[in-house]
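Each chain, written out:
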Amino acid sequence: MQTPMPGESGELRLLPPTIGVIVVDGFPVVGAALTLLIEAEPDLKVLASASSARETLEAVRRLSRRSGVVAVVGLNIEGEENSYWLIRRIRDDFPRLPILAIGSNGDPMAVSRALFFGTDGYLHKSAGPEVFLEAIRRTAQREVVLEGLPSDWLVPIAEGIDVQKEWASRLTDREQQVLTVAAQGLTARQIGSRLGVRERTVTTHLSRIYKKLGAEGRVHAIDRAARSGLISLRGQ
Amino acid sequence: MLPMMNERSRTRVLIVDDHPMIRQMVSLACRNHPRMEVVGEASNGAEALELCRRLRPDVLVLDLLIPRLDGIEVARRLQEDGSATRILVLTGADDKASVFEALRVGAAGYGEKTASIEHIVAAIEAVADGTKVFTVEQERQAHEHLGEFARKARDTAKVLASLTPRERDVLGLIAEGLSTRQIANRLRMSERTAETHIGNIYQKLQVKTRLQALYRAAGLGLVTRE
């Protein structure tokens, strides 16, 4: 065995690097299956597995000093801290960690959204195991991987990214967050306590959001935002 | 617009390139082809658009780097018209962004000028028959560019969301080259207020000078360079 070089970063390695994988899926069974598949490969190793955004961020933070790590994120985590929220957080806080999104959505907008929020690639779950494993390796090289998608999706995906940009450029992160929580049908007071701000602040945010989206009220605003893919409603 | 494709009819081709040599070469090859007819040639984008709208060719052979309107813009406008003309891009540019943009504006094929004339003629034929002419490598390049495209969209959205509507107005006027005083006049505010807005914009764009602000804004696609 070679002696690893000392160093705080832990990034210096003498052996051909193994790619470390963080496996994230809303369904633990799927996560376990993906883990088995990955672990069977000599050059890939699962470092952590998670089924919620919190768990994932914890793992990412813990492994942040390691190089050669890829996060494989299923797009099926729902709720306020859903997969897209997670992707945005990873992208903001750990810009160098490559993310491969995996989804089963039949809609190009889901791909647009994943890319816009910050994944490096998207793999449709219909892709075969070899394609999946190769996609992890390519993502580790920071290649943009799009697999399992019809080739004529490029144009709608690009258009979807433009739509995302258009909407996101109207609302600040905080406003998007308020709108996401509001979409769960909470009162202003409940939203406030959820986000740790005063009720008054929430109503100010909401009225600004309505104005920016040209909406007449909460239902209208949520409807418009959901249709454009800016927020996703629970259970969708 | 009535479909004018008659299966047995000849393929009507319009050739656009600012280099006369390339035009002549493609034109000659088409004229020697029994089922092709060259209906026109253009050396710049504006002329290309005008001729294409008037002549409605079956195939437009389009260079990208041409004066007055670039090829992508020509294609975009034809797409907006709902034009039935199929576009074969023929260019020396083989970068990811060009391939991506060509696909986005609905080009039917992408040929490189380094290809042999037989290949180019075959590509015109294929495009006329409704076949898409993109290589696997070109599709891969376009996909790869999607990542960059998304990243840029994200950065732009982030900066835009941080600007107030008023600051966006001010940035638009900076882009038009107006002085602080002119901006203040245009927006009916004091010079002092305009200065404050400009200061805030600089901070949000993380720049120190007006020139830097312009470059940054252009890079983010917030303002367009004409």
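Definitions and limits used
- Residues numbered from 1 in each chain as written.
- Chains lettered and ligands numbered in written order.
- Predicted model: local features only at pLDDT ≥ 70, side-chain atom pairs only at ≥ 80, totals over all residues.
- Heavy atoms only, no water.
- Domains from an automatic or database assignment.
- Helix = DSSP H or I, 4+ residues; strand = E, 2+ residues; numbered from the N terminus.
- Buried < 20%, exposed > 50% of the residue type's maximum accessible area, 1.4 Å probe, protein only.
- Contact = heavy atoms within 4.5 Å.
- Axes fitted to C-alpha atoms, helices over the stretch in contact; angles between N-to-C directions.
- Parallel < 35°, antiparallel > 145°, perpendicular 65-115°, else oblique.
- Phe/Tyr/Trp six-rings, centres within 6.5 Å; stacked < 30°, edge-to-face > 60°.
- Pairing = 2+ DSSP bridges.
- Right-handed = clockwise from strand over helix to strand, strands pointing away.
- Salt bridge = Lys/Arg side-chain N within 4 Å of Asp/Glu carboxyl O.
- Polar contact = N/O pair within 3.5 Å; in protein donor to acceptor, adjacent residues only side chain to side chain.
- Nonpolar A, V, L, I, M, F, W, Y, C, P; charged D, E, K, R; others polar.

### Re the domain arrangement of chain B
- Examined at the domain level, chain B breaks down into domain 1 (11–141) and domain 2 (163–219).
- Look at where the C-alpha atoms of domain 1 of chain B and domain 2 of chain B centre, and you get two points 40 Å apart.

### A closer look at the environment of A:Gly26
Residues and elements named next belong to chain A.
- In this structure, glycine 26 sits in the loop between strand E1 (19–24) and helix H1 (28–39).
- On the basis of relative accessibility, which here comes to 23%, the residue glycine 26 falls in the partly exposed class.
- Setting aside anything within four residues of it in sequence, one finds glycine 26 in contact with Ser51, Asn76 and Ile77.

### What to know about the packing of H1(A) against helix H5 (residues 129–140) of chain A
Residue and element names in this part refer to chain A.
- Here H1 crosses H5 at 75 degrees, and the two axes come no closer than 11 Å. When the axes of H1 and H5 are compared, the pair comes out roughly perpendicular. Across the interface between the two elements, Leu34, Leu37 and Ile38 from H1 touch Pro129, Phe132, Leu133 and Ile136 from H5.

### Regarding the packing of aromatic side chains
Residues and elements named next belong to chain A.
- Tallied over the full model, the rule gives 4 aromatic pairs over all chains.
- Taking 6.1 Å as the distance between ring centres and 75 degrees as the angle between the ring planes, the aromatic pair formed by phenylalanine 116 and phenylalanine 117 counts as edge-to-face. Each of the two residues, phenylalanine 116 as well as phenylalanine 117, counts as buried.
- Ring pairs connect the aromatic residues Tyr84, Phe116 and Phe117, which therefore count as one cluster.

### Side note on the pairing of strand E2 (residues 36–42) of chain B
Residues and elements named next belong to chain B.
- As judged from the 6 bridges shared by strand E1 (residues 11–16) and E2, these two strands associate in the parallel manner. In the sheet register, threonine 11 faces E2, and the bridge partner there is methionine 36.
- A crossover connection joins E1 to the parallel E2 through helix H1 (residues 20–31); in handedness this β-α-β unit is right-handed.

### Thoughts on the environment of A:Thr18
Residues and elements named next belong to chain A.
- Among the structural elements, threonine 18 can be located in the segment before E1.
- On the accessibility criterion, threonine 18 (26% relative accessible area) is partly exposed.
- When the C-alpha atoms of threonine 18 and glycine 68 are compared, they prove to be 7.1 Å apart, with 50 residues separating the residues in sequence.

### Some details on the interface of chain B and chain A
- Taken together, the contact pairs 19 residues of chain B with 24 residues of chain A.
- In this assembly, chain B and chain A are joined by 2 salt bridges.
- We note a salt bridge from A:Asp92 to B:Lys158, for which the minimum N-O separation is 3.1 Å.
- At the junction of chain B and chain A, the tally comes to 6 residue pairs in polar contact (both at pLDDT 80 or more).
- Residue assignment for the side of chain B that touches chain A shows that the elements contributing at least two residues are helix H4 (96–104) and helix H6 (136–162) of chain B.
- Broken down by element, the side of chain B that touches chain A gets its largest block of residues, 15 residues, from H6(B).
- Of the residues assigned to the side of chain B that touches chain A, the class counts are 10 nonpolar, 3 polar and 6 charged.

### As for H4(B)
- When we look at burial in H4(B), the residues that qualify are B:Ser98, B:Val99, B:Phe100, B:Ala102, B:Leu103 and B:Arg104.
- For H4(B), the secondary structure elements touched by its buried residues are helix H6 (154–168) of chain A together with helix H3 (71–81), strand E4 (86–91), strand E5 (109–112) and H6 of chain B.
- With its phi angle positive at about 80 degrees, B:Gly106 sits one or two positions after the end of H4(B).

### Details of the sheet that holds strand E6 (residues 146–147) of chain A
Residues and elements named next belong to chain A.
- The sheet built from 6 strands is open, its strands ordered E2-E1-E3-E4-E5-E6 with parallel pairing. Lying at the two open borders of the sheet, with one neighbouring strand each, are strand E2 (44–50) and E6.
- Two elements, strand E3 (residues 69–74) and strand E4 (residues 99–103), share 4 bridges in a ladder whose sense is parallel. When the bridges of E4 are listed, valine 72 appears paired with leucine 100.
- Contacts from H1 reach E1, E2 and E4 within the one sheet, and its direction differs from that of E2 by about 165 degrees.

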